[in-house]
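# Structure at a glance
One letter stands for each residue in the lines below.
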Amino acid sequence: MIDPAIIKKQRLIILTLFLTILITSLLNLIIANSTLSIKRIIPILFGQGTFKENFVIFSIRLPRIIITLLAGMALAAAGSILQSLTRNDLADPGIIGINSGAGFAVALFFLYFPVQAGKFIYFLPLAAFTGALVTAILIYLFSYNKNNGFQAIKLILIGVGFSTALSGAMIVLISSADKTKVEFISRWLAGDIWGTDWSFVLAILPWILVLLPLVLYKSNSLNILALGNEVAVGLGMNIKKEQINLLIIAVALAASAVSITGGIAFIGLMAPHIAKSLIGKRNQLYLPVAILTGGWLLLLADTIGKNIFAPQGIAAGIMVAIIGAPYFIYLITVN
Amino acid sequence: MQKNNKRISFSYLLIIALLFLLISFFLAVRFGAAEVSFKQTWQALSFSGNIEEIIILQEIRIPRAIAAIFVGAALAAAGAIMQGMTRNPLADPGLFGLTAGANLFLAITLAIFPAIDYLGTILASFIGAAIGAGLVFGIAAFNQKGFSPLKIVLAGSAVSTFLYAVTRAISIYFKISKNVTMWTAGGLVGVGWSQLKLIIPIIIFGLAGAFLLARQLTILSLKEEIAIGLGQKVFRTKIMLFLIIIILTGAAVAVVGNIVFLGLMIPHLVRTFAGRDYRFVMPLSALTGSIFMLLADLLSRTLNAPYETPVVAIIALLGLPFFLIIVNRRRRYF
């Protein structure tokens, strides 16, 4: 049984997060350097805007906000799973090489598989998923040891190695491509949220709608796995199967997010950690909090990056790294 | 020092390495986008004859090959020092934040002084490498319980990510992405005699320091207590070694950009043949680093000729298997 007081606390935190996200979204709508004034936002949202106002809000800013939120949520969920699986707070899809696997596949797909422009974006998450899955499997295999099972810390380290090598592979790909395509890939690498209209929302939404509930449903498995292999076996769990299932879910979440937003690390690291420190380590409690925190963090990073360094803007991925890396270092030193 | 009969004696290894170096150098000059004959290669190397092909060799390929020799030697020696000093088998200038730091300061310099000369960029690399290394080692030192080798690598990875992110932000903001990328991923493209005149003395200075301190490094690599027990001034030695690492890496990065894994794998390779005494490991690492860099650069020029495949990327790819082997072999470190 979970203490009712804690459940109440969780509800309160979730409510606060919802409000924070709402406020941040409004801020994002308002402070972007455009001609819209604050007073107009509410009427426009209720359908009383002019054509131009509607266009700016509904076709440009709103889809971007939604994509950012969804991607942040997916990354946070992926990070939570990876942290439970590896029993290590330092796991993050960006750090352990899943992102670069996805990135490599996206670049490959973009350069060598000409698909119709309209359908392209729907294939993108799939390509990213394939690349990320292959990378994850390789990392898993290399960190698996017959005698000791698989060692979490080695998994992270091997991930760092893969991520470095794959960035190299990416450079090879880029160097043989033509200039306009290179532009796209380097924007992608920087984590510039580039897919910003409703079709991208549609491309990523099915993944999120299927996978996020699945993660929440798996909360108990995650709890048990986090306790250790002996406990899990004792409770009759097929560890290997469950680990692989969860790994696939995490990879799919991270890849779908990253395919639309570009290489973004550290969200999957920070969000679960913040959530755990707010409400404790039980997955049922912290997962929803982590997911919302992830969405909010990425939205915040994008809002700051887009507006403070206007007009070019700083890619959200860069903003997140600038905030996230010191956080990571802090985590290593206190761990 | 214990004699180990299994290991081939040092002088043999040295001769073999020198031979390989000569062959690689010749190959690097002989092959490339423009076809030349063996005779012309020889003429170019002996500076006799002055037809167009020979000029190409003398002005483009030979300086580039020489640069490869020095850069490879510098990075391998820096890696060897770092591994000995930190007793961390995974130490590498690229993984420990030095290259990322150098990168950031190159970007800053290019943003503030767009017309900076070569010497300025080298200085910027030095400062950046020192700051990157300082951050990583500082974080490691901050933790009182001591850091496992693995955690330093993670800290290095985080610091690098951070520094690269700032670099990207600066390059986008000041619209110097292209220049910065030319530096960081450019490899040895366009290295000429004028740059060599600056770089070679610096690297020779660094290498000489590395060779001179090799004995102390061996003792340090065993155990700090032993070093103190043997009357070494550990702190002073460490500072000197640190400076040498900065000099070697800074100079190498200024020439070639972000190379990872080279400083990691070469000393490992050498140690499997030559043992753990750095008086032997150091010169052999430098030589092997040179050979490796020459061949990697040759590959980068010929793989997709006449276009260049960045050598930075080739080495990153070649390095991964090594990295995996080392991580898997050294289980006791985790």
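Rules and cut-offs
- Residues numbered from 1 in each chain as written.
- Chains lettered and ligands numbered in written order.
- Predicted model: local features only at pLDDT ≥ 70, side-chain atom pairs only at ≥ 80, totals over all residues.
- Heavy atoms only, no water.
- Helix = DSSP H or I, 4+ residues; strand = E, 2+ residues; numbered from the N terminus.
- Buried < 20%, exposed > 50% of the residue type's maximum accessible area, 1.4 Å probe, protein only.
- Contact = heavy atoms within 4.5 Å.
- Areas by Shrake-Rupley, 256 points an atom, 1.4 Å probe, with all protein chains shown as cover.
- Phe/Tyr/Trp six-rings, centres within 6.5 Å; stacked < 30°, edge-to-face > 60°.
- Lys NZ or Arg CZ within 6 Å of the ring centre and 35° of its normal.
- Core = buried A, V, L, I, M, F, W, Y, C linked by side-chain atoms within 4.5 Å.
- Axes fitted to C-alpha atoms, helices over the stretch in contact; angles between N-to-C directions.
- Left-handed = near helix turned anticlockwise from the far one by under 90°.
- Nonpolar A, V, L, I, M, F, W, Y, C, P; charged D, E, K, R; others polar.
- pLDDT = per-residue confidence, 0-100.
- Salt bridge = Lys/Arg side-chain N within 4 Å of Asp/Glu carboxyl O.
- Buried area = accessible area lost by both parts, 1.4 Å probe.
- Polar contact = N/O pair within 3.5 Å; in protein donor to acceptor, adjacent residues only side chain to side chain.
- Patch = residues over 30% accessible without salt bridge, like charges linked within 9 Å, V, L, I, M, F, W, Y side chains within 5 Å.
- Expected span 1.5 Å × (residues − 1).

### Some remarks on the overall build of chain B
Tallying secondary structure elements over chain B gives 14 helices and zero strands in all. Counted from the first residue to the last, chain B has its helices and strands arranged as α-α-α-α-α-α-α-α-α-α-α-α-α-α. Put simply, chain B has 334 residues, and 58% of those count as buried. The contacts in chain B between residues at least 6 apart in sequence include a share of 77% that link residues at least 24 apart. Accessible area of chain B: about 14700 Å², with a carbon and sulfur share of 68%.

### Side note on the overall build of chain A
In terms of helices and strands, chain A carries 14 helices and two strands. Classification of the 335 residues of chain A by burial places 59% in the buried group. A fraction of 75% describes how many contacts in chain A between residues 6 or more apart in sequence connect residues 24 or more apart.

### Describing the packing of aromatic side chains
Counted according to the given criterion, the structure contains eight aromatic pairs over all chains. A ring pair is formed by F142 of chain A and F162 of chain A, whose centres lie 6.1 Å apart and whose planes are at 50°; its orientation type is tilted. Separated by 20 residues along the polypeptide, F142 of chain A in helix α5 (residues 117-143) and F162 of chain A in helix α6 (residues 152-175) bring together distant segments of the chain. By relative accessible area, which is 32% here, F142 of chain A ends up partly exposed. Residue F162 of chain A is classed as buried on the basis of its relative accessible area of 6%. When the ring of F96 of chain B is compared with that of F137 of chain B, the centres are 6.0 Å apart and the planes differ by 70°; the resulting orientation is edge-to-face. One end of the pair, F96 of chain B, is in the loop between α3 (52-86) and α4 (98-112); the other, F137 of chain B, is in helix α5 (residues 118-142), with 41 residues separating them in the sequence. As far as the burial class goes, F96 of chain B and F137 of chain B line up, both buried. Each residue in the set F96, F137 and F242 of chain B is aromatic and connected to the rest through ring pairs, giving one cluster. The ring of F280 of chain B carries R279 of chain B above its face, with NZ or CZ at 5.8 Å from the centroid.

### Focus: the nonpolar core
Counting 226 residues, the largest nonpolar core has L253 and F266 of chain A together with F96 and M293 of chain B as its most contacted members. Here this core gets 19 residues from one element, more than from any other, and that element is α3 of chain B.

### Considering the packing of helix α13 (residues 278-302) of chain B against helix α14 (residues 311-329) of chain B
Residues and elements named next belong to chain B. With their axes 9 Å apart at the nearest point, α13 and α14 run at an angle of 115° to one another. Note on packing geometry: the crossing formed by α13 with α14 is right-handed. On α14, the residues that touch F292, M293, A296, D297, L299 and S300 of α13 are V311, I314, I315 and L318. The class makeup of the residues in the contact of α13 with α14 is eight nonpolar, one polar and one charged.

### Description of the confidence of the model for chain A
Averaged over every residue, the pLDDT of chain A is 81; residues scoring 70 or more account for 87%. The least confident element of chain A, judged by mean pLDDT, is strand β2 (residues 149-150) of chain A at 63; the most confident is helix α12 (residues 267-279) of chain A at 88.

### Digging into the pattern of salt bridges
Scanning the entire structure with this criterion turns up five salt bridges over all chains. The partner of R64 of chain A in a salt bridge is D302 of chain A, and the shortest N-O contact between them spans 2.8 Å. In this pair, R64 of chain A sits in helix α3 (residues 51-86) while D302 of chain A sits in helix α13 (residues 283-308), placing the two residues 238 residues apart along the sequence. For the pair shown, R64 of chain A and D302 of chain A are each scored as buried. Residue D277 of chain B is joined to R279 of chain B by a salt bridge in which the shortest nitrogen-to-oxygen separation is 2.7 Å.

### With respect to the interface of chain B and chain A
Note on interface size: it is often stated as the accessible area lost on association of the parts. If you look at the interface, chain B gives 40 residues, while chain A gives 39 residues. In this assembly, chain B packs against chain A so that about 3500 Å² is buried in total across both faces, 80% of it on carbon and sulfur atoms. Taken together, chain B and chain A are joined by zero salt bridges. At the surface where chain B touches chain A, the tally comes to zero residue pairs in polar contact (both at pLDDT 80 or more). Broken down by secondary-structure element, the contributors of at least two residues to the side of chain B that touches chain A are α5, α6 (149-173) and α14 of chain B.

### Examining a nonpolar patch on the surface
Residue and element names in this part refer to chain A. On the surface, L15, L19, L22, I23, L27 and I31 cluster together into a nonpolar patch covering about 580 Å² of accessible area. On the secondary structure map, L19 appears in helix α1 (residues 4-31). You can call L19 partly exposed: its relative accessible area is 48%.

### A word on the environment of L62 of chain A
Residues and elements named next belong to chain A. Mapped onto the elements, L62 comes out in helix α3. Distance in space between the C-alpha atoms of L62 and L29 is 7.8 Å, their sequence separation being 33 residues. Here L62 is in contact with I57 and W198, once residues within four sequence places are set aside.

### Things to note about the environment of L14 of chain B
All names here are of chain B. Mapping L14 onto the fold places it in helix α1 (residues 10-30). Separated by 269 residues in the primary sequence, L14 and P283 have C-alpha atoms spaced 8.2 Å apart. The contact partners of L14, leaving out residues within four places of it in the chain, are L284 and L287.

### Let's talk about the side chain of N283 of chain A
Residues and elements named next belong to chain A. For N283, the position within the fold is in helix α13. A relative accessible area of 2% places N283 in the buried class. Of note is the side chain of N283, whose polar atom sits 2.7 Å from the side chain of N223. Apart from residues lying up to four places away in sequence, N283 is in contact with S84, S219, L222, N223 and P288.

### With respect to the confidence of the model for chain B
Per-chain confidence: chain B averages 82 in pLDDT, with 91% of residues scoring 70 or above. Put simply, helix α10 (residues 224-229) of chain B is where chain B has its lowest mean pLDDT, 70, and α13 of chain B is where it has its highest, 91.

### Details of unusual backbone geometry
Residues and elements named next belong to chain B. Within the chain, R87 stands out as a residue other than glycine whose phi angle is a positive 50°. You can see R87 is positioned in the loop between α3 and α4. We classify R87 as partly exposed; its relative accessible area is 29%.

### Overview of α6 of chain B
All names here are of chain B. Here α6 is 25 residues long and its end C-alpha atoms lie 36 Å apart, about the 36 Å a rise of 1.5 Å per residue gives. For α6, a buried count of 19 out of 25 residues is recorded, marking the element as mostly surrounded by other parts of the structure. Backbone geometry just downstream of α6 places K175 in the positive-phi region, at approximately 55°.

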